[in-house]
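Coordinate inspection notes
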Amino acid sequence: MRRKIIAGNWKMNKTPSEGVNLINELKPLVKDADVEVVVCPTFVCLPAVVEATRGTNIKVGAQNIHWADNGAFTGEISGEMLKEVGVEYVIIGHSERRRYFAETDATINSRLKAALKYGLKPIVCVGELLIERENELTNSVLKRQTTLALKDISSEDMNNIVIAYEPVWAIGTGRTASVEDANDACKFIRSVIASLYNEEIAQNVRIQYGGSVKPSNANELFNTSDIDGGLIGGASLTASDFVGIVKY
Ligand code: PEP
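1. Considering the state of the cysteines
- Using the criterion set out here, one finds zero disulfides in the structure.
- Take Cys40: it sits in no disulfide, and the sulfur closest to it among the cysteines is that of Cys125, at 9.3 Å.
- A relative accessible area of 0% places Cys40 in the buried class.
- Free cysteine Cys45: the closest other cysteine sulfur is in Cys40, separated by 12 Å.
- You can call Cys45 buried: its relative accessible area is 0%.

Below you can see the structure in the form of structure tokens.
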């Protein structure tokens, strides 16, 4: 039985004090949640947010990780740094990273390996552009992105990896994929994982949906066969919306 996981991607929002305020609002509201709850603030917020979540059921993730252990990579952050701060999860390959920062399937694979090396749990994002969906390329894009992200990743490591299916056209646009399309895409990703590994690993891996999830649509999205929770952008920035999703 896969435990649902709901992760808030704060993107480039919230100062450290604003982040702590949000955690303090969330703490009592999510303390009895059935799902795994994760928040992913900016790097600069991580120490304060890790401290604010100590002793609670809220876990903390970063929004990126570099593949090198250290060195001349201005603006990047290493697994060792994230681990020392107390981070548990890390988002890898978000479509905004692919689009604005030239992230490729190969760099995503390298970042994923670094996360696993440092004992961090990766949330690996895949998803098609609108033009790819319109040209019926969704499955081939998902197959390529999933296969290349997971290149040379062992079966054991698959226990710690979460996949987030995020159709790019649904992120921050208010347009949500239909429940059927979202579930079909997650099911398809699961079938790709079954062909790369085996059916047992595919059935155990958690696959989130992300793209304009709100309290009003979370219930139908998450009550499906293959969607195991959500990666939430805009609606993770206010306690009431995020809690509405966590308690779908
Ligand atoms: C995201 O950034 O991963 C996301 C899904 O954003 P939003 O919920 O705002 O569409």
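2. Notes on the packing of aromatic side chains
- If you walk through the whole model with that rule in mind, you get two aromatic pairs.
- Both rings, one in Tyr165 and one in Tyr209, keep their centres 6.2 Å apart while their planes meet at 50 degrees; by these two values the pair is tilted. Residue Tyr165 is found in strand β6 (residues 162–165), and its partner Tyr209 is found in strand β7 (residues 206–210); the two are separated by 44 residues along the sequence. Across this residue pair, the class does not change: Tyr165 and Tyr209 are buried.
- Between Phe222 and Tyr248, the aromatic rings sit 5.2 Å apart at their centres with planes inclined by 90 degrees, giving edge-to-face as the arrangement. Taken as a pair, Phe222 in helix α11 (residues 215–222) and Tyr248 in the segment after α12 (239–246) lie far apart in primary sequence, 26 residues in all.
- Relative accessible area serves as the criterion here: at 0%, Phe222 is assigned to the buried category.

3. Looking at the site of the ligand
- Looking at the ligand, there are 14 residues lining it, with Lys11, Glu166, Gly172, Ser212 and Gly233 nearest.
- Within the contact set of the ligand, an oxygen atom lies 2.6 Å away from a backbone nitrogen or oxygen of Gly172.
- Gly233 is positioned such that a nitrogen or oxygen atom in its backbone is 2.8 Å from an oxygen atom of the ligand.
- If the ligand stood free it would expose 290 Å²; the protein chains cover 96% of that surface.
- Looking at the shell around the ligand, its residues break down into four nonpolar, eight polar and two charged.

The rules behind each value
- Residues numbered from 1 in each chain as written.
- Predicted model: local features only at pLDDT ≥ 70, side-chain atom pairs only at ≥ 80, totals over all residues.
- Heavy atoms only, no water.
- Disulfide = S-S within 2.5 Å.
- Buried < 20%, exposed > 50% of the residue type's maximum accessible area, 1.4 Å probe, protein only.
- Phe/Tyr/Trp six-rings, centres within 6.5 Å; stacked < 30°, edge-to-face > 60°.
- Helix = DSSP H or I, 4+ residues; strand = E, 2+ residues; numbered from the N terminus.
- Near = heavy atom within 4 Å.
- Polar contact = N/O pair within 3.5 Å; in protein donor to acceptor, adjacent residues only side chain to side chain.
- Areas by Shrake-Rupley, 256 points an atom, 1.4 Å probe, with all protein chains shown as cover.
- Nonpolar A, V, L, I, M, F, W, Y, C, P; charged D, E, K, R; others polar.

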